[in-house]
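Descriptive structure summary
Each chain, letter by letter, is given below.
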Amino acid sequence: MGVVTRAQAKMMKSQQSGSEELPPRGGRREAGGPDLISLLPDEVLGSIVSLLPIKEGARTQILASRWRPLWRSAPLNLDTCGRSITKAVLSRILSRHRGGARCFNISYSVLGGDSATLDGWLRSPALDNLQELDFWFDSSASPSPLVPHSTLRFSSTLCVAKFKYCKFSDDTAHQIHFPNLQQLKLCSVTISEDSLHAMLAGCPVLDRFELMYGHVGPPRPLMPPAALSFSSTLRVAKFVLCQFPNTAACQVHFPSLQHLELEMVTIWECSLHAMLSSCPALNSLILNYTYGFYKLIINSPKLKRVEMYFGRSEIEIRLDELIVVNAPCLEKLHHRGPYEDSIEISIISAPKLKVLGRITESIFRLELCTTVFNGLHDVRVATVMRTVKVLSLRLEYLNLDVITNFMKCFPCMEKLYIKTYLMDDENFRLHDYKDHLECLDLHLKKLRISYYHGTRSHVEFAKFFVLNARVLESMVLDVEHTKKGYDWWFENQRRQLKLGKRASIGAQVVFTSDDYFDYLKDIHEFSDPCELGC
């Protein structure tokens, strides 16, 4: 065997380098291939590490020696929500961190009512250039802890600010100027009206604003008019647990507001209509247990989504009449009230309506253009609405006459959700529908029946769709949890439903138990990807 000279060895190494990959800079090569992530620059790795939760970010230091300084020098993303961390550990992290900060989120479980400690943390150099600040004091702290004056030092960098269960001194609030702040949330905050006005005036590019009070009521605390003096750039607004002042709602103008949500709010009818008319760009309206008005008139050029939720109340003024006068872009209209709710709904013009629910058997009157439902059993079908694809109903009993009337009115319906709450109907009659329904022949793809009991009337109702829905893809029968484990019951149900004779060969019949099912979450393809939320 010959001796390899230094020149020959150098030549051999040069030849091999053209065909083999270089070893990674930061760690060992695993059996599965090279460690490509370690080839990234330190700046990129630091950004990746900064997006990880605290513990996971710290654990990257064990990967290799090159990773050890990355976490301490990466932008800090400190979020204590749902994590067990002490004040001492948090102080140690801030004292040792050499990089800037992206997010500082401190929950009440860490903070308690200690405003002084928070002030010390906010003064730490580790939080320089902070972009997101969220702190939550203990709601039982009395008096409410003051917002530290050190909050103001982030005026040039802060983009998101959330303050909960605290008090703004007039001096601090009047000095607030966040030229880049896009999202502001005030939850159970004590602040004077002048200070609130000054704070909102100091946020010229605000995009999202949420104001929440902690008092349930009624009567609910009166919201100061200054709360409606936010920037003309605002697109999303949410108000919770308060009462709207009449004069303020009638004097505002929100040219850019796209999403408005009122939750457990009292607002008078004239104020609500005045506010809606002042939002020409509004495309999403959510009224969640909001009271104070008998009638709601929708006349909005861009509104796409309306959701309303109401509960029983002996003292609150609740919606009795909903009129859609002109909504050329409306696609989703949802109303949910108590079982005995006898609301009157009139849809005069909504040419793009796709989703309608939840229509109840106790409804007093439903007008769909020239089609009129006096209740759900006295129907005069004069107009069809071919745009409606999704319908949600709540019925005492499963009634085929009611359903076929809706299928005639909405011939292109693809998804039908029915919630029943009585076990059986002694007057149930079998039907032999000889007239073809376009909905059954060409469009209905999904049917879900909640509180299906498997009684004679329920079986016959479901079997009608098994035997007649020609393009049905899925039938979901939601049963009681007590049925679980009784395989014989499910087999007996399948046999009674005549699945071997189903009109749609590919139709699947599924039994499930889900008390919290929400049809709105099940209609992804009909949801607007541009819908905004708080």
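See the structure printed just above.
What this report covers is the structure whose coordinates are included nearby. (Residues numbered from 1 in each chain as written. Predicted model: local features only at pLDDT ≥ 70, side-chain atom pairs only at ≥ 80, totals over all residues. Heavy atoms only, no water.)

**Quick word on helix H7 (residues 115–122)**
Operational definition: In this scheme, a residue with accessible area under 20% of its type's maximum is buried, one over 50% is exposed, and one in between is partly exposed, where area comes from a 1.4 Å probe on protein chains only. Numbering of helices and strands runs from the N terminus; a helix is a DSSP stretch of H or I covering at least four residues, while a strand is a stretch of E covering at least two. To obtain the arc, one takes the directions from the helix axis to the C-beta atoms. N or O atoms within 3.5 Å of each other form a polar contact, as long as, within protein, one can give a hydrogen and the other can take it, and as long as residues adjacent in sequence are counted only when both atoms are side-chain atoms.
Considered for burial, the residues of H7 that qualify are Ser115, Leu118, Asp119, Trp121 and Leu122. End-on, the buried residues of H7 take up no more than an arc of 160 degrees, which puts them together on one face. With a side-chain oxygen positioned 3.3 Å from the backbone nitrogen of Ala116, the residue opening H7 is Asp114.

**What to know about the pattern of salt bridges**
The condition is simple: The salt bridge criterion pairs a side-chain nitrogen of Lys or Arg with a carboxyl oxygen of Asp or Glu, the two atoms within 4 Å.
This structure, assessed with the given rule, holds 18 salt bridges. In this structure, the salt-bridge partner of Arg153 is Asp128, at a minimum N-O distance of 2.9 Å. Note that Arg153 is positioned in the loop between strand E3 (132–136) and strand E4 (160–164) and Asp128 in the loop between H7 and E3, a separation of 25 residues in sequence. Taking relative accessible area as the criterion, Arg153 reaches 35% and is therefore assigned partly exposed.

**Considerations on a nonpolar patch on the surface**
So the rule is basically this: What makes a patch is a set of residues exposed beyond 30% relative accessible area and free of salt bridges, joined within 9 Å when like-charged and within 5 Å when nonpolar (Val, Leu, Ile, Met, Phe, Trp, Tyr). To measure how exposed things are, a 1.4 Å probe is used in the Shrake-Rupley method; for residues, cover is taken only from the protein chains shown.
On the surface, a cluster of nonpolar side chains totalling about 270 Å² of accessible area is made up of Ile37, Leu40, Val44 and Ile48. Of note, Leu40 is situated in the loop between helix H1 (6–17) and helix H2 (42–50). The partly exposed category is assigned to Leu40, whose relative accessible area is 31%.

**Structural notes on the packing of helix H12 (residues 400–409) against helix H14 (residues 456–468)**
When two helices pack together, their arrangement is given by the angle between the helix axes and by the axis-to-axis distance. Formally: Here an axis means a line fitted to C-alpha atoms, over the contact stretch when the element is a helix, while the angle between two N-to-C directions is reported on a 0 to 180 degree scale. Should any heavy atoms of two residues lie within 4.5 Å, those residues are considered in contact. Residue polarity is assigned by list, with Asp, Glu, Lys and Arg as charged and Ala, Val, Leu, Ile, Met, Phe, Trp, Tyr, Cys and Pro as nonpolar; anything else, Gly included, falls into the polar class.
The geometry of H12 relative to H14 is characterised by a closest axis approach of 11 Å and an angle of 35 degrees between their N-to-C directions. Residue-level inspection shows Leu400, Ile403 and Met407 of H12 in contact with H14, the latter providing Phe461, Phe464 and Phe465. A breakdown of the residues in the contact of H12 with H14 according to their chemical character gives 6 nonpolar, no polar and no charged.

**Section: the state of the cysteines**
Counted only if it meets this: Here, a disulfide means two cysteine sulfur atoms that sit within 2.5 Å of each other.
Taken as a whole, this structure holds 0 disulfides when the rule is applied. The thiol of Cys103 is unpaired, and the distance to the nearest cysteine sulfur, on Cys81, comes to 8.8 Å. Between Cys166, a cysteine without a disulfide, and Cys187, which holds the nearest cysteine sulfur, the sulfur-to-sulfur distance is 9.1 Å. By relative accessible area, which is 0% here, Cys166 ends up buried.

**Describing the sheet that holds strand E18 (residues 378–380)**
Working definition: the strands of a sheet are paired by backbone hydrogen bonds and lie parallel or antiparallel to each other. Spelled out, the test is: Pairing between strands is defined by DSSP: at least two bridges between the two strands are required.
The 6 strands lie next to each other as E10-E12-E14-E16-E17-E18, forming an open sheet whose pairing is mixed. Sheet topology places strand E10 (295–299) and E18 at the edges, where each strand pairs with a single neighbour. Ignoring strand direction, the axes of neighbouring strands in this sheet form an average angle of 10 degrees. One ladder, built from 5 bridges, connects E10 with strand E12 (residues 321–326); its direction is parallel. For Ile297, the partnering residue across the bridge sits in E12 and is Ile323. In this fold H12 packs onto strand E16 (365–368), strand E17 (371–374) and E18, with an angle of close to 160 degrees to the strand it touches most, E17.

**A look at the nonpolar core**
This is how the line gets drawn: Here, nonpolar core refers to any group of buried Ala, Val, Leu, Ile, Met, Phe, Trp, Tyr and Cys residues whose side-chain atoms link them within 4.5 Å.
Residues Phe104, Phe239 and Phe465 are the most contacted members of the largest nonpolar core, which totals 136 residues. Dropping the residues within four chain positions of it, Phe465 is found in contact with Leu400, Ile403, Met407, Leu416, Leu440, Leu444, Leu447, Leu472 and Met475. Core analysis: the second largest hydrophobic core is formed by 7 residues, Tyr309, Val355, Val390 and Tyr417 among them.

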